[in-house]
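Understanding the architecture of this molecule
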Amino acid sequence: MTVRPTTPSDLDRVLPLIVPDPATGLTADTYRTRLADGEYRTDWTWVAEDAPGGPPLALAVWWGDPDGDLPDALDAVFVHDSVRSAADRTDLAAQLLTAAHTAYAGAGADAAPEYHLVLPGDWRDRPETVAAVAWRREAARRAGLPVGLERLRYEWTPPAGLPEPSGRLLLQPEPDDEVFVDLFRRVLVGTLDTDSRKEAERLGAEAQARADVAFYRDTMLGDRSWWRIARTPDGEPVGFGIPSRNHAFPVVGYLGVVPEHRGRRYGDDILAEITRILAAETAPERVRADTDLVNAPMAAAFDRLGYRNDTRRLVLSPH
């Protein structure tokens, strides 16, 4: 078995493996588009074949920042229909992912990129989707991605309308990054966001807060001037909101309420302001947002503000 990154000359050979599959929405047209945009690269697309130049049996596609040196996430894994049994599919995919992860580690990656599976909201009620996820998840586990986190993906579209400001909070720009560092640190206490909690435990709250500010300021594509601090009428900070965007969509980047002000639905006011800013600044067809399945208060705020959930994102990671 030969496992290797592809080259531009492989394109016509590997595109036939990208077929409709219940565990991914990736299509051949989308692959071509993202390849042209630099979000996919041939050296971030790996293939398994019986021998060099032989028929491709499996394909893995990683996504990353067009300006980055290493991919950020695994988007899709395909195995040719000729490999019929789930066990054989698992073995082949595990070999493919393990080889790529080893190469990425050799190129300086701190950990294997996460694997993101975008699934229907009712995917557990669909036997074909359950089966398609199962062998991929086991292959990812064998390749160093044993931890699973399920997230709800929400979308707001203009027909849902924009709520008027409630008047309960003052939502204002704040140019001082240190103010946001302090609030990021404060909202980590009791957070229901799994990734934030885990990173804070690993790095410490202060370091995690600074990393978050740097990420949204320097990596995400939203404008720094969109960020808002939420205060009570007498000036006490309640929380903050970061409208942003990625390469594809405007997004609810981050929303946090400090512990002493939780339980009053202030998140609704902040989410409404984020949505109004994105609507005004980006004229979006849709705004996207994710929250952990366990974060019921945030999910309820999305529901109340007219965001709709029909998709889940299963994230497989090293830890």
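With 17 residues, helix α8 (residues 266-282) should reach 24 Å at 1.5 Å per residue; the first-to-last C-alpha distance of 24 Å fits that figure. With 14 of 17 residues buried, α8 is to be regarded as a mostly interior element. Note on α8: the residue one or two positions beyond its end, Ala283, has a positive phi of about 45°.

By secondary structure assignment, the location of Gln95 is in helix α3 (residues 86-106). By relative accessible area, which is 42% here, Gln95 ends up partly exposed. For the pair Gln95 and Pro113, spaced 18 residues apart in sequence, the C-alpha separation works out to 16 Å. The residues contacting Gln95, other than those within four sequence positions of it, are Met1 and Val3.

Compared with the 20 Å implied by 1.5 Å per residue over 14 residues, the 20 Å span of helix α7 (residues 205-218) between its first and last C-alpha is a close match. The set of residues buried in α7 consists of Gln208, Ala209, Asp212, Val213 and Tyr216. For α7, the angular spread of the buried residues around the axis is 135°, confining them to a single face.

This brings us to the nonpolar core. Counting 32 residues, the largest nonpolar core has Trp62, Val77, Leu97, Tyr115 and Leu117 as its most contacted members. Taken together, the elements giving at least two residues each to this core come down to β2 (45-49), β3 (56-63), β4 (73-79), α3, β5 (114-120), α4 (127-142) and β12 (308-317). If you look at the next biggest cluster of nonpolar residues, it comprises 25 residues, including Val252, Tyr266, Ile270 and Leu271.

Attention shifts here to the pairing of strand β11 (residues 287-292). A large share of β11 lies buried, amounting to 5 of its 6 residues. Pairing geometry for strand β6 (residues 147-156) and β11, over 6 bridges, is antiparallel. If you follow Tyr154 over to β11, its bridge partner there is Ala289.

Turning next to the packing of aromatic side chains. The full count for this structure, using the stated rule, is 13 aromatic pairs. Each ring, one from Phe184 and one from Tyr216, has its centre 6.3 Å from the other, and the planes form 20°; the classification is stacked. Separated by 32 residues along the polypeptide, Phe184 in helix α5 (residues 177-187) and Tyr216 in helix α7 bring together distant segments of the chain. Just as Phe184 is buried, Tyr216 falls in that class too.

Two elements in contact, α3 and α4, have axes separated by 8 Å at closest approach and are oriented at 40°. Relative to α4, the element α3 is oriented oblique. The crossing of α3 and α4 is right-handed. Across the interface between the two elements, Ala86, Arg89, Thr90, Asp91, Ala93, Ala94, Leu97 and Thr98 from α3 touch Trp135, Glu138, Ala139, Ala140 and Arg142 from α4. When the residues that make up the contact of α3 with α4 are grouped by side-chain class, the tally is 7 nonpolar, 2 polar and 4 charged.

Rules and cut-offs
- Residues numbered from 1 in each chain as written.
- Predicted model: local features only at pLDDT ≥ 70, side-chain atom pairs only at ≥ 80, totals over all residues.
- Heavy atoms only, no water.
- Helix = DSSP H or I, 4+ residues; strand = E, 2+ residues; numbered from the N terminus.
- Expected span 1.5 Å × (residues − 1).
- Buried < 20%, exposed > 50% of the residue type's maximum accessible area, 1.4 Å probe, protein only.
- Contact = heavy atoms within 4.5 Å.
- Arc of directions from axis to C-beta.
- Core = buried A, V, L, I, M, F, W, Y, C linked by side-chain atoms within 4.5 Å.
- Pairing = 2+ DSSP bridges.
- Phe/Tyr/Trp six-rings, centres within 6.5 Å; stacked < 30°, edge-to-face > 60°.
- Axes fitted to C-alpha atoms, helices over the stretch in contact; angles between N-to-C directions.
- Parallel < 35°, antiparallel > 145°, perpendicular 65-115°, else oblique.
- Left-handed = near helix turned anticlockwise from the far one by under 90°.
- Nonpolar A, V, L, I, M, F, W, Y, C, P; charged D, E, K, R; others polar.

The quantities given are spatial measurements derived from coordinates; they are silent on function.
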